[in-house]
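So the chains spell out like this:
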Amino acid sequence: MANTFNFGISHSMFGDLTTVSLGYTKGFDDVFSSVDPNFSESAERSKFRLNLSQVLTKNMLMGVTFETVTDEGHLESPYRRVRFLDAAAAGGVGYQGEEYPETRTSHALSLSALYYLPYRAAIKAETRVFTDTWGVIALMYELGYVHPWKDDWIFEVKYRAYSQTQADFYSDMFGRISEFNYHSRDKEMSALSTSSIGFGASYEFGSKSWRFIDKGSVNFMYDRYQIDYSNFRN
């Protein structure tokens, strides 16, 4: 069970050319296990967000966003297990539950740009750098193109790439039981890279004969992902 509270405020300056936004999110999670009725833990999450949006020219808009997230409590899954070498076990492999640190602080900085072309189209670009106290360092970049057609259609195509290093306490196979104080085999904590390509179309419509609808749209988006886990085997 999870409860989340959000707060945000923004302010425009210099003739609406500059906009500063602040945001805060607080979350409270109750963690249970369907296989252990006596298992009950909790976790808290706090997220701070600062965004600066700037109109550089009549055709170009840029934005910078900085986020800090603090997690505290039970942060691992009650179901996942890690593997370790055990000569006495069947197949030479033993299993034990994950154990994560009870705190995690992460920082992310992103830079985005939107450039309007003379024929009503636009090019979008974004890059994001992420780091946390668990040793994960990630880099993402995305490039997109939006093209209108006639008065009702909008087409979009985009490409996205992402890569990250593994967490300090991750391993696909540990040398022995409780080899380290913390241990994880969550594939999302491993070193990985992803790439995706997507395209979409939107059709906007309106009808004066529909008294309860002034304007509507039909949207379609398709994304194809390829994920490479360099040190995770299943």
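Look a little higher up for the structure.
These lines cover the structure that appears in this document, whether it is placed above or below.

Cut-off values and rules
Residues numbered from 1 in each chain as written. Predicted model: local features only at pLDDT ≥ 70, side-chain atom pairs only at ≥ 80, totals over all residues. Heavy atoms only, no water. Pairing = 2+ DSSP bridges. Helix = DSSP H or I, 4+ residues; strand = E, 2+ residues; numbered from the N terminus. Axes fitted to C-alpha atoms, helices over the stretch in contact; angles between N-to-C directions. Phe/Tyr/Trp six-rings, centres within 6.5 Å; stacked < 30°, edge-to-face > 60°. Buried < 20%, exposed > 50% of the residue type's maximum accessible area, 1.4 Å probe, protein only. Patch = residues over 30% accessible without salt bridge, like charges linked within 9 Å, V, L, I, M, F, W, Y side chains within 5 Å. Areas by Shrake-Rupley, 256 points an atom, 1.4 Å probe, with all protein chains shown as cover. Salt bridge = Lys/Arg side-chain N within 4 Å of Asp/Glu carboxyl O. Lys, Arg positive; Asp, Glu negative; His and termini not counted. Charge placed at Lys NZ, Arg CZ, Asp CG, Glu CD.

Taking strand neighbours across the sheet as the criterion, the ten strands line up as 1-2-3-4-7-8-9-10-11-12 in an open arrangement whose pairing is antiparallel. Two strands bound the open sheet, and with one partner strand each, they are strand 1 (2–13) and strand 12 (216–229). Sheet twist, expressed as the mean angle between neighbouring strand axes with direction ignored, is 10°. The pairing of strand 3 (residues 40–55) with strand 4 (residues 60–73) spans 13 bridges and is antiparallel.

Before going further, it helps to examine the packing of aromatic side chains. Summed over all chains, the structure comprises 14 aromatic pairs. With centroids separated by 6.5 Å and ring planes inclined at 50°, the aromatic side chains of Tyr141 and Tyr159 adopt a geometry described as tilted. With Tyr141 in strand 9 (residues 137–149) and Tyr159 in strand 10 (residues 153–164), the pair connects residues that are 18 residues apart, well separated along the chain. Exposure remark for Tyr141: the relative accessible area of 45% places this residue in the partly exposed category. On the basis of relative accessible area, Tyr159 is assigned to the partly exposed category, the value being 35%.

On the surface, Glu41, Glu72, Glu99 and Glu102 cluster together into a negatively charged patch. Among the secondary structure elements, Glu41 is positioned in strand 3. By relative accessible area, which is 36% here, Glu41 ends up partly exposed.

As for its position among the elements, Lys150 is in the loop between strand 9 and strand 10. Lys150 sits in the exposed class, given a relative accessible area of 57%. Sequence separation between Lys150 and Phe5 is 145 residues, and the spatial gap between their C-alpha atoms is 42 Å.

On to a nonpolar patch on the surface, then. On the surface, Phe7, Ile9, Leu22, Leu50, Leu52, Val64, Phe66, Leu109 and Leu111 cluster together into a nonpolar patch covering about 810 Å² of accessible area. Taken together, the elements giving at least two residues each to the nonpolar patch come down to strand 1, strand 3, strand 4 and strand 7 (103–116). Counting through the fold element by element, Phe66 comes out in strand 4.

This model, assessed by the stated rule, comprises 15 salt bridges. Between Arg45 and Asp29 there is a salt bridge; the shortest N-O distance is 2.8 Å. Of the two residues, Arg45 sits in strand 3 while Asp29 sits in strand 2 (residues 18–32), which places them 16 residues apart along the sequence. Among the ionic contacts, a cluster of salt bridges with common partners joins Lys47, Arg49, Glu67 and Arg128.

This part covers the pairing of strand 7. Bridge analysis of strand 4 against strand 7 gives 13 bridges, and the strand direction is antiparallel. From the neighbouring strand, Thr70 faces strand 7, where its bridge partner is Thr105. Relative to strand 8 (residues 122–132), strand 7 runs antiparallel, the two being bridged by eleven bridges. Looking at the pairing, His107 lines up with Thr131 of strand 8. Hairpin geometry of strand 7 and strand 8 is characterised by an intervening segment of five residues between the two adjacent antiparallel strands and by a positive phi of about 75° at Arg120.

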